[in-house]
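# Fold and geometry: a report
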Amino acid sequence: MARIDLDNIRHAYMANPAGDEDYALKKVHHTFVDGGAYALLGPSGCGKTTLLNIISGLLRPSEGQILFDTRDVTGLPTEARNIAQVFQFPVVYDTMTVYDNLAFPLRNRGVPEGVVDKRVREIIAMIGLEERARRKAQGLTADEKQKISLGRGLARADVNAILFDEPLTVIDPHMKWELRTQLKELHRRFGYTMVYVTHDQTEALTFADNVVVMYEGEIVQIGTPEELFERPSHTFVGYFIGSPGMNLLPASVDGATVRIGSQSLTLPGRAGALGSDRIELGIRPEFVQLGREGMPISITKVEDIGRKKIVRAELEGETIAAVIDEDTEVPAEPHVVFDPAHLNLYANSWRVDLEGAA
Amino acid sequence: MNKTLNNKAWFMVLPVLVLVAFSAVIPLMTVVNYSVQDTFGSNVFFWAGTEWFQEILASDRFWAAMGRNLVFSAIILAIEVPLGIFIALNMPRKGWGVPVCLVLMALPLLIPFNVVGTIWQVFGRIDIGLLGHTLAELGVNYNYVNNPVHAWVTIILMDVWHWTSLVVLLCYAGLVSIPDAYYQAAKIDGASRWAVFRYIQLPKMHRVLLIAILLRFMDSFMIYTEPFVLTGGGPGNTTTFLSIDLVKLAIGEFNLGEAAAMSIIYFLIILVMSWVFYTVMTNYGTERR
Amino acid sequence: MLELRNVTKVVSGARHISGVSLRLEEGSLNVLLGPTLAGKTSLMRLMAGLDQPTSGSVWMDGADVTGVPVQRRSVAMVYQQFINYPAMTVFENIASPLRVAGTNAETLKRRVGEAADLLRLGPYLNRMPLELSGGQQQRTALARAMVKDARLVLLDEPLANLDYKLREELRAELPRIFAATGAIFVYATTEPSEALLLGGNTATLSEGRVTQFGPTIEGFRKPADLITAQTFSDPPLNTIEVEKKRGNFMLDPTVGLPVPAEYEGLADGPYRIGFQPHHLSLSSSTGADTALNARVTVTEITGSESFIHLDYAGNRWVMLEEGVHRLSVDDTVEVYIDTRHLLVFEPSGRSAAPARPVAA
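No experiment lies behind these values; they were computed from the predicted model shown.

### Considering the overall build of chain A
Secondary structure assignment for chain A yields 8 helices and 23 strands. Seen through its principal axes, chain A has C-alpha atoms that stretch 75 × 50 × 35 Å. In chain A, which comprises 358 residues, the share counted as buried stands at 58%. The long-range share in chain A, meaning contacts at least 24 apart out of those at least 6 apart in sequence, stands at 66%. A total accessible area of about 14200 Å² is found for chain A, and carbon and sulfur atoms account for 46% of it.

Structure follows, in structure tokens:
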């Protein structure tokens, strides 16, 4: 296992990038702590896969350095970096048995057969494929194949990191739960450094201790799932995390008072001078309480999605969403109250720190 | 998967059926007709039964030609398949090199068979041919007209030059269908070049390779035009393959009955061998599944 | 109205679809929900006329169309892969079914414009499909299916290859687009949450059979059998075998759950009970629930919710709690089942609840 330092990495796919917009990866300076579980989360084209390929050595960054445990590996090819990777589509050696697939990375490195056998048996038990061990990999289901891919990554005990490139894309929902918890369990038991690329917030949030949210080639926020949920530092994070995403309402602010249309609310702290910045108030649908008191809304739609209901409504001409329990009834003259502890203020899309707020 | 029944579809295939009938079925029937009869010309025929077949199967000349065919096909496959795979593996997978290589590879396939023969006939001449002259300059006593070994080497070289491209193109098609992730995974697993070939590339090429081998076997077993133009079957009978012998028999000696019987035997041999090849190779494939 | 009557499809000995009967109403949205290989695509191909059933018949508006090929039915289809004509502009792509139908230039322009507006493709009409993002490419395919004005529109996991957030947006738009056309829509998905967000009716599929067909939310709240309940649950449904003894479901000889009022009439004997992860909690919802001791195996925290994986006497359960709960692995915690939402199944897998509507 290793600590991975990304030292001022920039990458452009074209030969002579002129401006910032030519870079697929604008500037990344970050450290993945030894034994940490990280997720790189963002929409397609945000640069997350580029970053993963730079870590794995498939791409050499245009600028900057990448260090494994303080050793510069920027110029080293993939095979010299001693990492493991699980791809979007399961990569298995069809003509080999499950056992041979798992033994492959060890045998390639000349590990004695006795050691290989012991290790492979351990891995097979870990990924729960004991009954399949002697079968050809061809003809197994997608999730079994993906387990083999994962197992091959785990086979070498000394890998610096395990990288995941949207590994659950082709897996059915039920199997996703199983594979995810298995990953989590493996991380807890063996403390691998893991970097997991995905566009699926649930996968990212449940897998990682720290989630790196990327948007248009930049890291917009790095934080624990809680931080991303409660204090998104950019409106993009607010939108991208949470389902539905954060409500953003155009607002004006004066000290600790914020106005949306004709309504005014009190913020948990005072905002500094914001001048002519574009101000928005952010509140998660989970913290919008529906009741008979507060600000009047007109409901456009109620979606019953089983364990909760999503209420779509208009407040002061702006659309907002609220999430309520499956057993909660929608009142006849609906009003909403925003939980003051969970109000976030944004100026030009970036979160404003409020003075005196917790 | 059964498709929607549509009777109109039959009308679409009809022209092909008619064409096949005239080009293959009817001539074949004519040949069958000849093979069981004897004639002294002027359209007078006698029933000969299996006489021609017995004669052919008992003749040393037939078995010698047959032997030459088998040796030739074996050599051709032994050279062209590995060489084709090797070239395909080393062709670029992206960039401007791809179209260049593909065109270069396709070139020999576009040349008519008799032209190929003529090209090599000239190429091998000692007085003006690039190959023949160069070899002569180097002190090699090269002469494909007189020396059977030289004649064989030249024909094999010619066939390799002409047909390896087919194997290359088929293998290349198999190779480009392999997703990048496989190569990346192999790198990460520390796989050697050989292991990549053995466990990723070969399994993915397996199906097209089967087709390539089958095609090359059938074609090489039926080879006619190129050696006929180049050596005319000589020196002596050393490059007289079944097809050349057949023509000698039919046109040269006007022995129609015997030639017809020989064609049928020839045809059956190719059919049976292709079938054996195909079954063995597909079974080999499913076993590994 | 599209009707499948006892349709069975056997391909080289394997039953891909067995005895499916469905009635899909005009202007309705119908979801086919089930895991990979449950028969969703096979069923769609039968509906479209791309395949013929081995037995049974397909009826459209009261006429038997079983043998009618797809070209002569009014069907549009959208696939998981983004399928467009790569050498045509977005405009031409959308217009292609109208060109085939010989629509006049003016109408064609108007119809393409309408579809493009509905799917927010206005600015991209002159672009080539491959220059667009995945979401826009799939919108183009959807627009083409729309202008065709087909009676039956089949969508085979159309959002599966899109980003999570894009999927969310397009999914919210789809019911609105559906409503505007009045056609019969069929939408295949593997994800229960997608079915619930789309609403409409859902047919749950398992191994080529329709296990239940009815309003989507009904399938989730009142599943006809265990398979349906499991197909509809994400995270997976928690279950445990119990023995009903008078007023209690006994989990083991000493621990019992009070039987909810609606199940009081059930005969004593073995049952399997099921409950959703959010009906399992660290605190009692009624104050009178039975505390169960379970061992924590994994905790997953999304920031707003926690998924706590538990082991209860060898049963693997998932508990979904609001907020952040950091529980140590291998700790034993007290958990409570909210019995108001309990699902009860007979050993055969059938729901033990009072009669429920099941697909005819």
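Further notes follow.
### Describing the pairing of strand β2 (residues 14–24) of chain C
All names here are of chain C. Pairing analysis gives 7 bridges linking strand β1 (residues 2–11) to β2, with the strands arranged antiparallel. The residue bridging Val11 from the neighbouring strand is Ala14, located in β2. Here β1 hands over to β2 after 2 residues, with Ser12 in that stretch at a positive phi of 35°.

### Observations regarding the domain arrangement of chain A
Residue and element names in this part refer to chain A. Assigned domains within chain A: domain 1 (4–235) and domain 2 (245–351). Every contact between the two is made by 9 residues of domain 1 and, on the other side, 12 residues of domain 2. Taken together, the two surfaces of domain 1 and domain 2 that pack against each other cover about 950 Å², and 61% of this comes from carbon and sulfur. Our count for the domain 1 to domain 2 interface comes out at 0 salt bridges.

### Let's talk about the packing of helix α2 (residues 98–108) of chain A against helix α3 (residues 113–126) of chain A
All names here are of chain A. Where α2 contacts α3, the axes come no closer than 9 Å and their chain directions differ by 130°. It follows that α2 is oblique to α3 by the angle criterion. Of the two elements, α2 crosses α3, and the hand of that crossing is right-handed. Of the residues in α3, those in contact with Tyr99, Leu102, Ala103, Leu106 and Arg107 of α2 are Glu113, Val116, Asp117, Arg119, Val120, Ile123 and Ile124.

### Section: the confidence of the model for chain C
Summarising the model, chain C shows a mean pLDDT of 88, and 98% of its residues fall at 70 or more. The complex prediction reports pTM at 0.82, with the ipTM value standing at 0.86.

### Description of the sheet that holds strand β21 (residues 335–338) of chain A
Note on sheets: strands pair through backbone hydrogen bonds, and any given pair is parallel or antiparallel. Residue and element names in this part refer to chain A. A sheet is described by the order of its strands in space; here 3 strands give the open sequence β16-β21-β17, paired in antiparallel fashion. Each of the sheet's edge strands pairs with one partner strand only, and the pair in question is β16 (288–291) and β17 (295–296). For β16 and β21, the ladder comprises 4 bridges, and the chain directions are antiparallel. Counterpart to Leu290 in the pairing with β21 is Val336.

### Some remarks on the interface of chain A and chain C
A common way to state how big an interface is: give the accessible area lost once the parts meet. Taken residue by residue, the interface counts 38 residues in chain A and 43 residues in chain C. Buried area between chain A and chain C, both sides added, is near 3400 Å², and the carbon and sulfur share of it is 53%. Applying the counting criterion to the chain A and chain C interface returns 5 salt bridges. Where Glu305 of chain C meets Arg307 of chain A, a salt bridge forms, and the shortest distance between an N and an O atom there is 3.1 Å. Where chain A packs against chain C, one counts 18 residue pairs in polar contact (both at pLDDT 80 or more). Elements with a minimum of two residues in the side of chain A that touches chain C: α5 (173–190), α6 (201–207), α7 (225–230), α8 (235–240), β18 (298–304) and β19 (308–315) of chain A. In terms of residues, the side of chain A that touches chain C owes the most to one element, α5 of chain A, which gives 10 residues. In the side of chain A that touches chain C, the residues fall into 11 nonpolar, 12 polar and 15 charged.

### A word on helix α1 (residues 48–56) of chain A
All names here are of chain A. Taking burial as the measure, the 9 residues of α1 include 8 buried ones, the bulk of the element. Those residues of α1 not exposed but buried are Lys48, Thr50, Leu51, Leu52, Asn53, Ile54, Ile55 and Ser56. Gly57 occupies a position one or two residues after α1 and carries a positive phi of about 95°.

### Concerning the pairing of β19 of chain A
Residue and element names in this part refer to chain A. With respect to burial, β19 is a largely interior element, 6 of its 8 residues being buried. Strand direction decides the pairing type here: β18 and β19, joined by 6 bridges, are antiparallel. Bridging across to β19, Ser298 finds its partner in Glu314. Hairpin connection between β18 and β19: a loop of 3 residues separates the two successive antiparallel strands, and Gly306 in this loop has a positive phi of roughly 95°. Judged from the 8 bridges that link them, β19 and strand β20 (residues 318–325) form a sheet pairing that is antiparallel. Bridged to Lys309 within β20 is Ile324. A loop of 2 residues connects β19 with β20, the two strands running antiparallel in sequence, and Glu316 in this loop sits at a positive phi of about 50°.

### Considerations on the nonpolar core
Core analysis: the biggest nonpolar cluster contains 80 residues, and Leu6 and Phe32 of chain A have the highest contact counts within it. At 12 residues, the largest contribution of residues to this core is made by helix α9 (residues 193–221) of chain B. Those residues in contact with Leu6 of chain A that sit more than four places away from it in its chain are Val28, His29, His30, Phe32, Leu51, Ile55, Gln65 and Ile66 of chain A. Judged by nonpolar contacts, the second largest core, of 48 residues, contains Val86, Leu154, Leu179 and Phe236 of chain A.

### A closer look at the pattern of salt bridges
Applying the stated criterion to the full structure yields 44 salt bridges over all chains. When the shortest N-O distance is used, the salt bridge between Asp353 of chain A and Arg351 of chain A registers 3.3 Å. For Arg351 of chain A, a relative accessible area of 28% puts it in the partly exposed group. The shortest N-O distance in the salt bridge between Asp180 of chain B and Lys94 of chain B comes to 3.8 Å. Here Asp180 of chain B is found in helix α8 (residues 180–188), whereas its partner Lys94 of chain B is found in the loop between α3 (60–90) and α4 (97–110), with 86 residues between them in sequence. The class for Asp180 of chain B is partly exposed, based on a relative accessible area of 43%. For Lys94 of chain B, a relative accessible area of 66% translates into the label exposed. Three or more residues joined by partner-sharing salt bridges are found here, namely Glu80, Asp159, Arg216 and Asp219 of chain B.

Here is what the cut-offs are and how they apply
Residues numbered from 1 in each chain as written. Chains lettered and ligands numbered in written order. Predicted model: local features only at pLDDT ≥ 70, side-chain atom pairs only at ≥ 80, totals over all residues. Heavy atoms only, no water. Helix = DSSP H or I, 4+ residues; strand = E, 2+ residues; numbered from the N terminus. Buried < 20%, exposed > 50% of the residue type's maximum accessible area, 1.4 Å probe, protein only. Contact = heavy atoms within 4.5 Å. Areas by Shrake-Rupley, 256 points an atom, 1.4 Å probe, with all protein chains shown as cover. Pairing = 2+ DSSP bridges. Domains from an automatic or database assignment. Buried area = accessible area lost by both parts, 1.4 Å probe. Salt bridge = Lys/Arg side-chain N within 4 Å of Asp/Glu carboxyl O. Axes fitted to C-alpha atoms, helices over the stretch in contact; angles between N-to-C directions. Parallel < 35°, antiparallel > 145°, perpendicular 65-115°, else oblique. Left-handed = near helix turned anticlockwise from the far one by under 90°. pLDDT = per-residue confidence, 0-100. Polar contact = N/O pair within 3.5 Å; in protein donor to acceptor, adjacent residues only side chain to side chain. Nonpolar A, V, L, I, M, F, W, Y, C, P; charged D, E, K, R; others polar. Core = buried A, V, L, I, M, F, W, Y, C linked by side-chain atoms within 4.5 Å.

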